[in-house]
Amino acid sequence: MTPRPDGVTTPAPVRRPERRVRRFSRAERWVHRATAWLMAVCVFTAACLYLPPLSELVGRRRLVVTVHEWSGLLLPLPLLAGVFFRALRADLGRLNRFGRHDWHWLRTVLRRRSKAGVPAGKFNAGQKLYASFTAGAVLVMIGTGLLMWFTHLAPVVWRTGATFVHDWLALLLAAGIAGHVWMAAKDPEARLGMRTGSVAPWWARREHSLWKPDGRD
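Residues numbered from 1 in each chain as written. Predicted model: local features only at pLDDT ≥ 70, side-chain atom pairs only at ≥ 80, totals over all residues. Heavy atoms only, no water.

Q: What am I meant to see in the overall build of the protein here?
A: Scanning the protein for helices and strands turns up 10 helices and four strands. Tracing the protein from N to C terminus, the helices and strands come up as β-β-β-α-α-α-α-α-α-α-α-α-β-α. When each of the 217 residues of the protein is scored for burial, the buried share is 31%. Accessible area for the protein stands at about 14,600 Å²; split by element, carbon and sulfur atoms hold 68% of it. (Helix = DSSP H or I, 4+ residues; strand = E, 2+ residues; numbered from the N terminus. Buried < 20%, exposed > 50% of the residue type's maximum accessible area, 1.4 Å probe, protein only. Areas by Shrake-Rupley, 256 points an atom, 1.4 Å probe, with all protein chains shown as cover.)

This is the structure:
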């Protein structure tokens with residue numbers, strides 16, 4: 001209650017909660033979900049092929065190889081299908097732009113080891129680098145995988161090099177995915193944004209202060 005000069009008290013104004021901010025469209029969430037499942041199948045089947053305990057537990061190596069090959073070939077399809085949606089194309093444009101504030105974000109985070117409060121657009125520099133690395137790695141993995149799958153496409157020396165690149169890049173990619181999952185596990189609001197498409201305004205101001213939800217970032 002708020003007292004007035006005449007002694008009469010009036011109810012205090014009720015503060016309504018801020019409206020949640022739209023971050024991802026339904027198409028973007030489905031692309032992310034489908035890509036994540038395909039990537040999970042690739043990583044799991046690769047682990048079954050290279051780790052003896054898992055290989056013995058699962059068995060049926062030929063089937064595991066087939067699932068691994070086809071899940072890898074299908075990896076780009078969700079993104080290619082999502083390109084038909086304007087929201088996804090807009091976000092791809094944001095991910096492909098690296099501005100002065102992104103360099104500032106990287107320097108600050110590397111010094112402080114924390115990204116809280118550092119100015120960023122809709123995607124911070126870490127997310128942009130991860131997206132670029134993942135996209136490039138998937139293309140290289142598909143190319144080297146095809147050389148390993150269709151042995152008649154190249155001479156032995158090429159196939160040997162392709163196997164080397166494929167195996168070591170798979171380890172780097174798995175490490176990157178683990179880091180991505182670890183960062184997401186520490187930020188429930190970010191996970192909620194990917195699951196529902198919207199985030200709390202306070203989170204958007206804290207984590208992505210340069211982001212304008214109307215698209216002018």
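Q: Would you take a moment to explain the packing of aromatic side chains for this structure?
A: For any pair of aromatic rings, geometry is given as the distance between the ring centres together with the angle between the planes. Following the criterion strictly, the structure yields five aromatic pairs and no others. Between F98 and W103, the ring centres sit 4.9 Å apart and the planes meet at 70°, which makes this aromatic pair edge-to-face. Look at F98 and you get partly exposed, because its relative accessible area is 30%. Taken together, a centroid distance of 6.4 Å and an interplanar angle of 50° make the contact between F164 and W168 tilted. Placement of the pair is F164 and W168 together in helix α8 (residues 156-185), with a separation of four residues, close to one helical turn. Here F164 and W168 have matching classes, each one exposed. What links up through ring pairs into an aromatic cluster is the set W70, W149 and F150. For R23, the ring lying beneath its charged end belongs to F123, and the centroid distance is 5.6 Å. If you follow R33 out to its NZ or CZ, it ends over the ring of W30, 5.2 Å from the centre. (Phe/Tyr/Trp six-rings, centres within 6.5 Å; stacked < 30°, edge-to-face > 60°. Lys NZ or Arg CZ within 6 Å of the ring centre and 35° of its normal.)

Q: Just to check I follow, could you spell out the pattern of salt bridges for this structure?
A: Close approach of charged atoms allows side chains with opposite charge to pair. In total, this model carries six salt bridges according to the counting rule given. With its nearest N and O atoms 2.8 Å apart, the salt bridge here joins D102 to K128. With a gap of 26 residues between them, D102 in helix α6 (residues 100-112) and K128 in helix α7 (residues 125-149) connect regions that are remote in the sequence. Assessed through its relative accessible area of 0%, D102 is described here as buried. We note a salt bridge from R206 to E207, for which the minimum N-O separation is 2.8 Å. One connected set of salt bridges, linked through shared partners, spans D91, R94 and K122. (Salt bridge = Lys/Arg side-chain N within 4 Å of Asp/Glu carboxyl O.)

Q: I would appreciate a short explanation of helix α5 (residues 86-95) in the present structure.
A: Owing to its 3.6 residues per turn, the α-helix brings residues three or four apart onto one side. Looking only at α5, the buried set comprises L88, D91, R94 and L95. End-on view of α5: buried residues confined to an arc of 115°, all on one side of the axis. Those residues of α5 hidden inside the fold are in contact with α1 (26-50), α4 (77-82) and α7. (Arc of directions from axis to C-beta. Contact = heavy atoms within 4.5 Å.)

Q: I'm lost on the side chain of T144 in this one. Help?
A: Its location among the elements puts T144 in helix α7. Take T144: its relative accessible area is 9%, and that puts it in the buried class. Here T144 is in contact with A162, V165 and H166, once residues within four sequence places are set aside.

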